[in-house]
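One letter stands for each residue in the lines below.
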Amino acid sequence: MSMIGEYLRVTAAELDRVIQDLDWALDFAQEVQDAEEEAELLPAEARHFSTSKAWDMLGFLLTRADFPVDVVHGEEPFAEDEDWGYGPPRYLRSERVRLAARLLRATTYDQLVDGVNPADLTKADVYPLAGAYPLGWDEPGALEWGRHWYDGLTQFFEAAAATDDAMLVWLD
């Protein structure tokens, strides 16, 4: 089984309901995922986005760059006793989504990987470890694997910021 980074855009009213009604929150997240699963929407058009298995790589790169918003794990707890796959979900308030969107756009993927040696990912036990990633972190081109996911995450956050949405974040 894989660990997948998951995101869901929510309005202010939906966020309020999510915080108050945890059963509804998970059902709502699953409904949106199911509805969009086969639609093949672009990140800017979707309410749900996944960074697939690249979540930890992106987290490693963003942490290394001192990124001020935790876009990989979320920042605000709301369901500490719930397990949405690999632990409880968290959320980002709309103002944090706007900040993240602006900074993601201003930070290119090339800037994130500048000076990173693929062996750094192995040393830091960044998921997925060799064998899960098709080549392994020490193979040529391994750092390029995250570019697609970073670009999609940037577009997704920009769309959420444009509509003043908050964001649910979890690992599934």
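All of these numbers come straight from a predicted model, not from anything done at the bench. (Residues numbered from 1 in each chain as written. Predicted model: local features only at pLDDT ≥ 70, side-chain atom pairs only at ≥ 80, totals over all residues. Heavy atoms only, no water.)

Turning our eyes to something else, we now look at the sheet that holds strand S1 (residues 5-10). The 5 strands lie next to each other as S2-S1-S5-S4-S3, forming an open sheet whose pairing is antiparallel. The open sheet is flanked by strand S2 (48-52) and strand S3 (76-77), the only strands paired with a single partner. In this fold helix H2 (residues 22-36) packs onto S1, S2 and strand S5 (166-171), with an angle of close to 100 degrees to the strand it touches most, S1. Along the sheet, helix H7 (residues 147-162) makes contact with S1, S2, strand S4 (90-92) and S5, crossing S2 at roughly 155 degrees. (Pairing = 2+ DSSP bridges. Helix = DSSP H or I, 4+ residues; strand = E, 2+ residues; numbered from the N terminus. Contact = heavy atoms within 4.5 Å. Axes fitted to C-alpha atoms, helices over the stretch in contact; angles between N-to-C directions.)

Right, let's get into the pairing of S5. Summarising burial for S5: 6 of the 6 residues are buried, a large majority. A two-sided burial pattern is seen for S5, the buried positions comprising Ala166, Leu168 and Trp170 on one face and Met167, Val169 and Leu171 on the other. Examined bridge by bridge, S1 and S5 share 6 bridges and lie antiparallel to one another. Paired with Arg9 across the strands is Met167, a residue of S5. Bridge count for S4 against S5 is 3 bridges, and the pairing is antiparallel. Within the sheet, the bridge partner assigned to Leu92 lies in S5 and is Met167. (Buried < 20%, exposed > 50% of the residue type's maximum accessible area, 1.4 Å probe, protein only.)

Right, let's get into helix H4 (residues 94-106). Look at H4: 18 Å from first C-alpha to last across 13 residues, which is about the 18 Å you get at 1.5 Å a residue. All buried positions along H4 are accounted for by Ser94, Val97, Ala100, Ala101 and Leu104. Relative to the axis of H4, the buried residues are bounded by an arc of 115 degrees and lie together on one face. Turned more than 90 degrees off the buried face of H4, the exposed positions are Arg102 and Ala106. Turning to H4, the residues buried within the fold contact helix H3 (55-64), S4, H7 and S5. (Expected span 1.5 Å × (residues − 1). Arc of directions from axis to C-beta.)

The tendency in soluble globular proteins is for nonpolar side chains to be buried side by side. The biggest cluster of nonpolar side chains holds 38 residues, and the ones touching the most others in it are Tyr7, Met57, Leu62, Val71, Tyr109, Phe157 and Met167. Among the elements of the structure, H3, H4, helix H5 (109-113), H7 and S5 are those that each provide at least two residues to this core. Excluding residues within four positions of it along the chain, Tyr109 makes contact with Met57, Leu58, Leu61, Leu143, Gly146, Arg147 and Tyr150. Val18, Trp24, Ala29 and Tyr91 belong to the second-largest nonpolar core, a separate cluster that totals 16 residues. (Core = buried A, V, L, I, M, F, W, Y, C linked by side-chain atoms within 4.5 Å.)

Enumeration over the complete set of coordinates arrives at 8 salt bridges. The shortest N-O distance in the salt bridge between Asp165 and Arg9 comes to 3.0 Å. Placement of the pair is Asp165 in the loop between H7 and S5 and Arg9 in strand S1, with a sequence separation of 156 residues. Accessibility assignment for this pair places Asp165 and Arg9 in one class, buried. For Arg147, the salt bridge identified is with Asp110, shortest N-O distance 2.5 Å. One end of the pair, Arg147, is in helix H7; the other, Asp110, is in helix H5, and 37 residues separate them in sequence. A network of salt bridges, in which partner residues are shared, links Asp110, Glu144 and Arg147. (Salt bridge = Lys/Arg side-chain N within 4 Å of Asp/Glu carboxyl O.)

Counted at 1.5 Å a residue, the expected span for H2 with its 15 residues is 21 Å, and the 21 Å between its end C-alpha atoms agrees. Taken together, the buried positions of H2 are Trp24, Ala25, Phe28, Ala29, Val32, Gln33 and Glu36. End-on view of H2: buried residues confined to an arc of 165 degrees, all on one side of the axis. Every exposed residue of H2 that faces more than 90 degrees away from the buried side is listed here: Asp23, Glu31 and Asp34. Those residues of H2 that are buried lie in contact with S1, helix H1 (12-20), S2 and S5.

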